[in-house]
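Structural overview for review
So the chains spell out like this:
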Amino acid sequence: EAQVTQNPRYLITVTGKKLTVTCSQNMNHEYMSWYRQDPGLGLRQIYYSMNVEVTDKGDVPEGYKVSRKEKRNFPLILESPSPNQTSLYFCASRIQGAGGYTFGSGTRLTVV
Amino acid sequence: RKEVEQDPGPFNVPEGATVAFNCTYSNSASQSFFWYRQDCRKEPKLLMSVYSSGNEDGRFTAQLNRASQYISLLIRDSKLSDSATYLCVVNIPGNQFYFGTGTSLTVIP
């Protein structure tokens with residue numbers, strides 16, 4: 001089944017403890033992206049990647065890192081999480097061209 | 001100014017009604033346009049792409065007006081299962097996708 005898989009689905013952590021949210025897609029898509037979704041603000045792009053080793057900042061990159069060492073994987077790293085990073089995170093991928101994104105099931109992160 | 005703006009609703013309509021959502025975008029160089037559907041606490045799912053000539057998929061019709069910079073979604077014969085939040089999405093040069101904050105629809109029996 002064609003899909004985007006992200007883990008974990010739920011995570012509660014403490015301020016300052018480094019964490020990684022994994023994302024993997026099995027559709028051989030070139031583009032991958034991370035979004036966060038907050039009430040009243042909608043989905044905002046954190047980082048995106050156009051292919052292996054090519055990444056760029058979205059609208060809200062502060063406090064996040066990404067890497068794209070393999071085409072299928074695009075992990076999101078929070079080096080020192082803070083409570084304002086409590087949010088619902090989505091990973092997404094799409095094929096190069098005019099198509100839309102396919103989303104993973106989301107990761108609900110709480111930083112206390 | 002936001003890249004994409006939508007009326008948040010909520011829209012509460014009876015079964016069988018026709019409902020329309022509009023969405024405006026600010027960047028005249030926007031390249032592609034989509035409507036997504038998001039159920040509560042779930043991931044957004046692509047409903048349909050929006051083409052300049054307009055396009056239809058069953059009960060759903062999407063239209064693009066480049067001159068006025070808006071896209072629309074029309075749902076005919078609303079079903080209970082259409083209850084969700086509908087997100088309009090715009091792709092601007094540079095491969096960034098911008099999502100509207102969504103319009104909430106509840107179809108009432």
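Scroll up to find the structure this text is about.
Quantities reported herein were computed from a predicted structural model and do not represent experimental measurements. (Residues numbered from 1 in each chain as written. Chains lettered and ligands numbered in written order. Predicted model: local features only at pLDDT ≥ 70, side-chain atom pairs only at ≥ 80, totals over all residues. Heavy atoms only, no water.)

Digging into the overall build of chain A
The following threshold applies: Each helix corresponds to a stretch of at least 4 residues labelled H or I by DSSP, and each strand to a stretch of at least 2 residues labelled E; elements are numbered beginning at the N terminus. The atom set for the radius of gyration is the C-alpha atoms, and the globule formula is 2.2 Å times the number of residues raised to the power 0.38. By the convention used here, residues are in contact when the closest approach between their heavy atoms is within 4.5 Å. For accessible areas, the Shrake-Rupley method is used with a probe of radius 1.4 Å. Any residue's cover is judged against the shown protein chains and nothing else. When charges are tallied, Lys and Arg are placed among the positive residues and Asp and Glu among the negative ones, while His and the ends of the chain are skipped. Charge coordinates come from a single atom per side chain, which is NZ of Lys, CZ of Arg, CG of Asp or CD of Glu.
Assigned secondary structure in chain A consists of zero helices and 11 strands. Taken over C-alpha atoms, the radius of gyration comes to 13 Å for chain A, in line with the 13 Å a tight globule of 112 residues would show. Each of the three principal axes of chain A carries a C-alpha extent, and together these read 40 × 30 × 25 Å. Pairs at least 24 residues apart make up 54% of the contacts formed inside chain A by residues separated by at least 6 positions. As presented, chain A carries roughly 5,300 Å² of accessible surface, and 51% of it is formed by carbon and sulfur atoms. Averaging the locations of the 13 positively and 9 negatively charged side chains of chain A gives two centres separated by 5 Å.

A word on the overall build of chain B
A count of helices and strands for chain B gives zero helices and 11 strands. Listing each helix as α and each strand as β along chain B from the N terminus yields β-β-β-β-β-β-β-β-β-β-β. Here the C-alpha atoms of chain B give a radius of gyration of 13 Å, agreeing with the 13 Å that 2.2 N^0.38 yields for 109 residues. Dimensions of chain B, computed from C-alpha atoms along their principal axes, come out at roughly 45 × 30 × 20 Å. In chain B, once contacts between residues fewer than 6 apart in sequence are set aside, the share between residues at least 24 apart is 57%. Per element, the accessible surface of chain B, about 5,200 Å² overall, is 47% carbon and sulfur. Distance between charge centres in chain B, computed from 10 positive and 10 negative side chains, equals 3 Å.

Here's the deal with the state of the cysteines
Note on terminology: disulfide describes a covalent bond linking the sulfur atoms of two cysteines. All names here are of chain A. Note the cut-off: By definition, disulfides here are pairs of cysteine sulfur atoms that lie within 2.5 Å.
One pass over the full model with this rule turns up two disulfides over all chains. The disulfide partner of Cys 23 is Cys 91, and the S-S distance across this bridge is 1.8 Å. Here Cys 23 and Cys 91 share a disulfide; its torsion about the S-S bond, -75°, makes the bridge left-handed. Taken as a pair, Cys 23 in strand β3 (residues 19-25) and Cys 91 in strand β9 (residues 87-94) lie far apart in primary sequence, 68 residues in all.

So, the packing of aromatic side chains
Where we set the bar: Pairing of aromatic side chains here covers Phe, Tyr and the six-membered ring of Trp, requires ring centres within 6.5 Å, and sorts the geometry by plane angle: under 30 degrees stacked, over 60 edge-to-face, intermediate tilted. Accessible area is worked out with a 1.4 Å probe on protein chains only. A residue is then buried under 20% of its type maximum, exposed over 50%, and partly exposed in between. Only lysine NZ and arginine CZ atoms are considered, and such an atom sits over a ring when it is within 6 Å of the ring centre and within 35 degrees of the ring normal.
Applying the stated rule across the entire model yields 13 aromatic pairs over all chains. Ring geometry for Tyr35(A) and Phe99(B): centres 5.1 Å apart, planes at 75°, overall edge-to-face. Placement of the pair is Tyr35(A) in strand β4 (residues 31-38) and Phe99(B) in strand β10 (residues 96-99), with the two residues belonging to separate chains. The same class applies to Tyr35(A) and to Phe99(B), which are both buried. By way of ring pairs, the aromatic residues Tyr35(A), Phe90(A), Tyr101(A), Phe103(A), Phe34(B), Tyr36(B), Phe97(B) and Phe99(B) are connected into one cluster. Positioned above the aromatic ring of Tyr31(A), the side-chain terminus of Arg94(A) is 4.2 Å from the ring centre. Here Arg94(A) stacks its cationic end above the ring of Tyr101(A), 5.5 Å away from the centre of that ring.

A closer look at the pairing of strand β8 (residues 70-75) of chain B
Residues and elements named next belong to chain B. Short version of the rule: We call two strands paired when DSSP finds no fewer than two bridges between them.
Sheet topology places strand β3 (residues 19-25) next to β8; six bridges connect them, and they run antiparallel. Its bridge partner being in β8, Cys 23 is matched across the sheet by Ile 71. Pairing geometry for strand β7 (residues 60-65) and β8, over six bridges, is antiparallel. For Thr 61, the partnering residue across the bridge sits in β8 and is Leu 74. Joining the antiparallel neighbours β7 and β8 is a turn of four residues, in which Gln 69 adopts a positive phi near 60°.

Focus on the side chain of Gln45(A)
All names here are of chain A. Let me state the cut-off plainly: Two N or O atoms form a polar contact when they lie within 3.5 Å of each other; inside protein one atom must be a possible hydrogen donor and the other a possible acceptor, and for residues adjacent in sequence the pair counts only when both atoms belong to side chains.
By secondary structure assignment, the location of Gln 45 is in strand β5 (residues 42-51). The exposure class of Gln 45 is buried, given its relative accessible area of 2%. A distance of 3.4 Å separates a polar atom in the side chain of Gln 45 from a polar atom in the side chain of Tyr 35.

Details of the sheet that holds strand β1 (residues 4-7) of chain A
Within the open sheet, the four strands sit side by side as β1-β3-β8-β7 (chain A). Their pairing is antiparallel. With partners counted over all chains shown, the strands left at the sheet margins are β1 and β7 (65-66) of chain A, one partner each.

Some points on the pattern of salt bridges
All names here are of chain A. Here is the rule: We define a salt bridge as a side-chain nitrogen of Lys or Arg found within 4 Å of a carboxyl oxygen belonging to Asp or Glu.
Under the defined criterion, the tally for this structure stands at nine salt bridges over all chains. The partner of Asp 38 in a salt bridge is Arg 36, with the nearest N and O atoms 2.8 Å apart. Look at Arg 36 and you get buried, because its relative accessible area is 9%. Here Asp 38 and Arg 44 are joined by a salt bridge, their closest N and O atoms 2.9 Å apart. Classification of Asp 38 by relative accessible area gives buried; the value is 11%. Connected through salt bridges with shared partners, the residues Lys 18, Lys 65 and Glu 79 form a single ionic network.

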